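# Residue-level structural notes
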Amino acid sequence: FFLPVLPMCASMLVRVLLTCCVVASVAALTGRPVVPPFNCPSLPAPPASTDVRKLKPGNIAGVMALGDSITAGLFMQNGPLEYRGTVYSTGGDKDAMSLANNLLHYNPNLKGQCEGTTIPLDTLCKGLNCAVSGAVVSGVPQQIKALLRRLEESEFSPLKNQWKLLTLFIGANDICDCKYTTPEKFETDLRKVLTTLEQEMPMTFVNIMTIFNISQVWNADTESKLCETKVEILHECGCLTKDSNLRKQMDELGVQINGVTRKVAAEFAAKASQNFTVVVQPGVQDFAISGYNNTIERMILSEVDCFHPQLLADQGMSLAIWNNMFAAPSQKKTTLEILSPPNYYCPTEQDYIQ
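Residues numbered from 1 in each chain as written. Predicted model: local features only at pLDDT ≥ 70, side-chain atom pairs only at ≥ 80, totals over all residues. Heavy atoms only, no water.

### A closer look at the overall build of the protein
Scanning the protein from terminus to terminus reveals 11 helices and 4 strands. In terms of its C-alpha atoms, the protein occupies a principal-axis envelope of roughly 60 × 50 × 35 Å. Expressed as a percentage of its 354 residues, the buried residues of the protein come to 55%. Pairs at least 24 residues apart make up 73% of the contacts formed inside the protein by residues separated by at least 6 positions. Taken as a whole, the protein presents about 15,500 Å² of accessible surface, with 57% of it coming from carbon and sulfur. Put simply, the protein has 29 plus and 34 minus side-chain charges, and the middle of one group is 4 Å from the middle of the other. (Helix = DSSP H or I, 4+ residues; strand = E, 2+ residues; numbered from the N terminus. Buried < 20%, exposed > 50% of the residue type's maximum accessible area, 1.4 Å probe, protein only. Contact = heavy atoms within 4.5 Å. Areas by Shrake-Rupley, 256 points an atom, 1.4 Å probe, with all protein chains shown as cover. Lys, Arg positive; Asp, Glu negative; His and termini not counted. Charge placed at Lys NZ, Arg CZ, Asp CG, Glu CD.)

### Quick notes on the pairing of strand S2 (residues 163-169)
Counting buried positions over the 7 residues of S2 gives 7, a clear majority of the element. Neither face of S2 is left uncovered, since the one carrying Trp163, Leu165, Thr167 and Phe169 and the one carrying Lys164, Leu166 and Leu168 both have all their residues buried. Where strand S1 (residues 60-67) meets S2, 7 bridges bridge the pair, whose relative direction is parallel. Opposite alanine 65, over in S2, you have threonine 167 as the bridge partner. Pairing between S2 and strand S3 (residues 204-209): 5 bridges, direction parallel. Its bridge partner being in S3, leucine 168 is matched across the sheet by isoleucine 208. (Pairing = 2+ DSSP bridges.)

### Some points on the packing of helix H6 (residues 183-200) against helix H9 (residues 244-269)
Packed helix pairs are characterised by how far apart their axes lie and by the angle those axes make with each other. Relative orientation of the contacting elements H6 and H9 amounts to 35°, with a least axis distance of 9 Å. The way H6 lies across H9 gives a crossing that is right-handed. Contact residues: Pro183, Phe186, Glu187, Leu190, Arg191, Leu194, Thr195 and Glu198 in H6; Leu253, Gln256, Ile257, Val260, Thr261, Lys263, Val264, Glu267 and Phe268 in H9. A breakdown of the residues in the contact of H6 with H9 according to their chemical character gives 9 nonpolar, 3 polar and 5 charged. (Axes fitted to C-alpha atoms, helices over the stretch in contact; angles between N-to-C directions. Left-handed = near helix turned anticlockwise from the far one by under 90°. Nonpolar A, V, L, I, M, F, W, Y, C, P; charged D, E, K, R; others polar.)

### Some remarks on the state of the cysteines
Scanning the model with the defined rule gives 5 disulfides in all. One disulfide bridge connects cysteine 40 with cysteine 346, the sulfur atoms lying 2.1 Å from each other. The S-S bond linking cysteine 40 to cysteine 346 shows a torsion near -85°; that makes this disulfide left-handed. In this pair, cysteine 40 is assigned in the loop between helix H1 (8-30) and S1 and cysteine 346 in the segment after helix H11 (311-324), connecting sequence segments 306 residues apart. A relative accessible area of 12% places cysteine 346 in the buried class. Residue cysteine 125 pairs covalently with cysteine 130 via a disulfide, S to S 2.0 Å. Across the disulfide from cysteine 125 to cysteine 130, rotation about the S-S bond amounts to roughly 105°, and the bridge is consequently right-handed. The same class applies to cysteine 125 as to cysteine 130, namely buried. Within the protein, bonded cysteines paired by disulfides and numbered along the sequence follow the pattern 1-10, 2-3, 4-7, 5-8, 6-9. As a non-bridged cysteine, cysteine 114 has cysteine 130 as the owner of its nearest cysteine sulfur, 9.4 Å distant. (Disulfide = S-S within 2.5 Å.)

### Re the environment of threonine 210
Relative to the helices and strands, threonine 210 is located in the loop between S3 and helix H7 (216-221). Given a relative accessible area of 0%, threonine 210 falls into the buried group. In this view, threonine 210 contacts Phe169, Asn258, Thr261, Arg262, Val280, Gln281, Pro282, Val284 and Gln285; residues no more than four positions away in its chain are not counted.

### Considerations on helix H8 (residues 225-234)
Looking at H8, one finds that the buried residues are Cys227, Glu228 and Val231. An end-on view of H8 places all buried positions within 105° of arc, on one side of the element. Exposed positions of H8 whose direction lies more than 90 degrees from the buried face are Lys225, Leu226 and Ile233. Looking at the buried side of H8, the elements it contacts are H7 and helix H10 (294-300). One or two residues past the end of H8 sits histidine 235, with phi positive at roughly 50°. (Arc of directions from axis to C-beta.)

### A word on the sheet that holds S3
Spatial strand order, S1-S2-S3-S4: 4 strands in an open sheet with parallel pairing. The sheet is open, and its two edges are formed by S1 and strand S4 (276-281), each paired on a single side. For this sheet, the mean inter-axis angle between neighbouring strands, taken without regard to orientation, is 20°. Packed onto the sheet, H9 meets S3 and S4 and runs at close to 150° relative to S4. In the packing of H11 onto the sheet, the strands contacted are S2, S3 and S4, and the crossing angle to S3 comes to about 125°.

### A short note on the nonpolar core
Counting 99 residues, the largest nonpolar core has Leu168, Leu194 and Ile214 as its most contacted members. Here this core takes 8 residues from H9, the largest share from any one element. Look past the residues within four positions of isoleucine 214 in its chain and what remains in contact with it is Ala172, Ile175, Cys176, Cys237, Leu240, Met250 and Phe307. (Core = buried A, V, L, I, M, F, W, Y, C linked by side-chain atoms within 4.5 Å.)

Below you can see the structure in the form of structure tokens.
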């Protein structure tokens, strides 16, 4: 009964401690990793902003996403569907741990979040999530066209003159095609993508993600004969094979593509435009998929194909990106320990998205 009279900082401390206790209790009782829920206090509506570098969570009016099957939520809940309603970036299902639902907490009029499922390989947007399973970076301009058409619809047309957060996660399929992908081609295509966004979508803050080491999937799957067989038969990733040289080549390409992503993003950030910027969010770059016991690894990868992220990993992605969005570039984390994840960062009235 003392809580109502506690000062704000103490109240927040109590909230954090209670969340820690609940999460620890669930993990202890079930033996399963648990991503802490988003449990932050509300904030006063912020004043309007005229600078993309001075955005508070409540300034964001729309959420958008581009990318591949990870952003489409393919096989995320162990069925043959795309679970866009719970995906890390734009998921709008009631209990989804997503950037969208976090932002909805600060702006109840947020638009763009998506609910429910879609059929795999569908090229139609769900909400403002226009990711396409199987996409490579050269295919993202088609997604941008679909997103622009969506923004012409009456439901979303007001967003043209409002601040938007776009999350772009692309490169996994390019890396999987390691025999033919070059960093130079990826750089050219990525620069084209960001140039188009800059020209066609003003008032947009772009989160661009660096990618994790895909060969870890092979290491995790070889501990399960069923998963090893699935990966070989489905062959969703051309360079994820028994050939260790190919896997090494894929890893090296991934490092190069992450470097290219940082380089190109820096070019756009350096323009210092008040209407558009691109920021690297590296929260899953060093995310560990293998190295856990088999039970944990099976919770990270989908039971359908033993390749795509399962719900637990997706929730970890949301947490990692969100926390990095309020960290200075030099303080951004490149991984998240899924066995002992941190709490969601609760922004203050002084915090800007960065």
